[in-house]
Amino acid sequence: MSALILLVFITGAVAAIPIAHALLAAALAAAASSDRIPLDLLVQQMVAQVQSFPLIAIPFFMLTGALMMGGRLGNALIGVLSATVGRWHGGPAQVNVLSSTLFGGVSGSAVADASAIGSLVMPWHRKLGYPMPFSAASLASAATIDIIIPPSIPLILYALSSNTSIAALFYAGILPGLLLCGGFMIACWWVGKTKNLPRETAIAEKAQMRRNLLLASPAVLLPVLIVVFLRFGIATPTEVAVLSALYAGGVSALLYRDLTFKRLNAAIVEAGVATGVVLLVIMASAAIGWLLTFDQLPQGVVTWVTENVSSDWIVILLMNLMMLFVGMFIDLPAAVLLLTPVFLPLAQSVGMDPVQLGIMMVVNLAIGLYTPPVGTTLFITSSLARVKVGQTVRAMGPFYLVAFGVLILVSYVPAVILK
């Protein structure tokens, strides 16, 4: 049964069928091939997976991002960062990294981050005469910090499928996200210095700087509030998501004064459509996960590994290689939901904490977002920069080194995972 699922899924993916539909086709094919699996029971498993209270956090975090990342906030944040670090070596690219890190505490979506920041930053880079492949590379990699620091949609999905605390995962993602931010900043500085890339030369007006700083402060404050509320048990993750959406709406209406009915409606529709896509992936992945468990695939993987691999560090290495490979071809939400049931018992067999596994998995799959052949942020930033994907990939070297360095730390140094 597992082999049939894999065959149908790969066929669908190669035929460019949407991942959720390919997963559903694979689940239906497996169910039809066995007289032991009633179709109504398979549907019950799919529906049961989305009847979860923590899932309500997803649309509200998406709505928060849609409200905060539009309007005047984006321009104010880019203005503050360009005036602060734009004159440094690699400063224009460092603006990409810092913007992604700060927006990451708002949206939790790498794709939304790459699209929003790219549309604001790319014209400025082009005006400076900045090498656009490097600009696209820095943003494609930095945008994935969004899904590691809180709030993070993939971490919510991992928590759902592994019965792990969302609050613990959010807190654990802070240090790896900051390490990526610092590493990418150093990579931008090093490339900017060695190649003497253009920098910002215009002198920032102090009055405009103070105004932008005031407008950008809510974006900096929101992730701090989220962590504080979760860390000290003031609110549940779902309650925090609702409060975040209310906060974003209040700030847009009262501080920025750019919350029109049209913009609110567009933000709600955007969040609703994105949530619908995620829920479809969750339902399809739930069906596949249940069938694989029914077929005892996770237990078989654990048995094979324990019988053939003696060292724990090799087991972790094999998991990393598999996640990296899967992340290059499958959308991140689907990959999280598919891999968790397989790797969770394997990680527990080598004494790895489920929270550490969750962070390791998301860091792994985040790398897939800017790795060919199906790198979502890679394609988005290359399109915005008007360069070929191959040119962007050639500029990715320093960012891959940083990402793999952080991945090694997350995988083999449990102290990096805050608790």
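The structure displayed is predicted, hence computed values, not measured ones.

Another aspect to go through is the packing of helix α18 (residues 354-368) against helix α21 (residues 397-412). Two elements in contact, α18 and α21, have axes separated by 9 Å at closest approach and are oriented at 165°. Between α18 and α21, the angle falls in the class roughly antiparallel. Like other packed secondary-structure pairs, α18 and α21 cross with a definite hand, here left-handed. Contact with α18, carried on its side by Gln356, Ile359, Met360, Val363, Asn364 and Ile367, involves Ala403, Phe404, Leu407, Val410, Ser411 and Tyr412 of α21 and no other residues of that element. In terms of residue class, the contact of α18 with α21 is built from 9 nonpolar, 3 polar and no charged.

Another aspect to go through is helix α11 (residues 174-194). An ideal rise of 1.5 Å per residue puts 30 Å on 21 residues; α11 measures up with 30 Å between its terminal C-alpha atoms. Of all the positions in α11, only Ile174, Pro176, Gly177, Leu180, Cys181, Gly183, Phe184, Met185, Ala187, Cys188, Val191 and Gly192 are classed as buried. In the segment just after α11, asparagine 196 is the residue with positive phi, at about 50°.

Further remarks concern the nonpolar core. With 144 residues, the main nonpolar core has Phe61, Phe134, Phe184, Phe343, Leu357, Met360 and Tyr370 as its most contacted residues. A total of 12 residues in this core trace back to one element, the largest contributor, which is helix α17 (residues 332-349). Excluding anything up to four places from it in sequence, leucine 357 contacts Tyr158, Met323, Phe343, Leu344, Ala347 and Met352.

To continue, consider the packing of helix α8 (residues 132-142) against α11. Taken N-terminus to C-terminus, the directions of α8 and α11 make an angle of 170°; their axes are 11 Å apart at the nearest point. One way to sum up the angle between α8 and α11 is to call them roughly antiparallel. The segment α8 lies against α11, with Phe134, Ser138, Ser141 and Ala142 engaging Phe184, Cys188 and Val191. Tallied by class, residues from the contact of α8 with α11 come to 5 nonpolar, 2 polar and no charged.

With 14 residues, helix α2 (residues 19-32) should reach 20 Å at 1.5 Å per residue; the first-to-last C-alpha distance of 20 Å fits that figure. Of the residues making up α2, those classed as buried are Ile19, Ala20, Ala22, Leu23, Ala26, Ala27, Ala30 and Ala31. Buried-residue contacts for α2 involve α1 (2-14), α3 (39-49), α14 (261-294) and α17.

What follows concerns the packing of aromatic side chains. For the structure on display, the rule yields 5 aromatic pairs. Measuring from ring centre to ring centre gives 5.7 Å for phenylalanine 184 and phenylalanine 399, while their planes differ by 65°; the resulting arrangement is edge-to-face. With phenylalanine 184 in helix α11 and phenylalanine 399 in helix α21, this residue pair connects regions lying 215 residues apart in the sequence. For the residue pair phenylalanine 184 and phenylalanine 399, the accessibility class agrees, reading buried in each case. Ring centres 5.6 Å apart and planes at 20° place the aromatic pair tyrosine 370 and tyrosine 400 in the stacked group.

Next up on the list: a positive patch on the surface. Together, Arg72, Arg210, Arg211 and Arg257 give the surface a local cluster of positive charge. Along the chain, the position of arginine 210 falls in helix α12 (residues 206-231).

So, about the side chain of glutamine 356. Locating glutamine 356 in the fold gives a position in helix α18. Of the polar contacts made by the side chain of glutamine 356, one reaches the backbone oxygen of valine 410; its length is 2.9 Å. If sequence neighbours within four positions are ignored, glutamine 356 has contacts with Val410, Ser411, Tyr412, Pro414 and Ile417.

To continue, consider unusual backbone geometry. For residues besides glycine, phi is generally negative; the peptide bonds are generally trans as well. With an omega dihedral of -5°, the bond running from proline 150 to proline 151 counts as a cis peptide bond. When you line up the elements, proline 151 lands in the loop between α8 and α9 (153-162). You will see that asparagine 196, though not glycine, has its phi angle at about 50°, which is positive. One can find asparagine 196 in the loop between α11 and α12. A residue is classified by how much of its surface remains accessible, and asparagine 196, at 56% relative accessible area, is exposed.

About the criteria used
- Residues numbered from 1 in each chain as written.
- Predicted model: local features only at pLDDT ≥ 70, side-chain atom pairs only at ≥ 80, totals over all residues.
- Heavy atoms only, no water.
- Axes fitted to C-alpha atoms, helices over the stretch in contact; angles between N-to-C directions.
- Helix = DSSP H or I, 4+ residues; strand = E, 2+ residues; numbered from the N terminus.
- Parallel < 35°, antiparallel > 145°, perpendicular 65-115°, else oblique.
- Left-handed = near helix turned anticlockwise from the far one by under 90°.
- Contact = heavy atoms within 4.5 Å.
- Nonpolar A, V, L, I, M, F, W, Y, C, P; charged D, E, K, R; others polar.
- Expected span 1.5 Å × (residues − 1).
- Buried < 20%, exposed > 50% of the residue type's maximum accessible area, 1.4 Å probe, protein only.
- Core = buried A, V, L, I, M, F, W, Y, C linked by side-chain atoms within 4.5 Å.
- Phe/Tyr/Trp six-rings, centres within 6.5 Å; stacked < 30°, edge-to-face > 60°.
- Patch = residues over 30% accessible without salt bridge, like charges linked within 9 Å, V, L, I, M, F, W, Y side chains within 5 Å.
- Areas by Shrake-Rupley, 256 points an atom, 1.4 Å probe, with all protein chains shown as cover.
- Salt bridge = Lys/Arg side-chain N within 4 Å of Asp/Glu carboxyl O.
- Lys, Arg positive; Asp, Glu negative; His and termini not counted.
- Charge placed at Lys NZ, Arg CZ, Asp CG, Glu CD.
- Polar contact = N/O pair within 3.5 Å; in protein donor to acceptor, adjacent residues only side chain to side chain.

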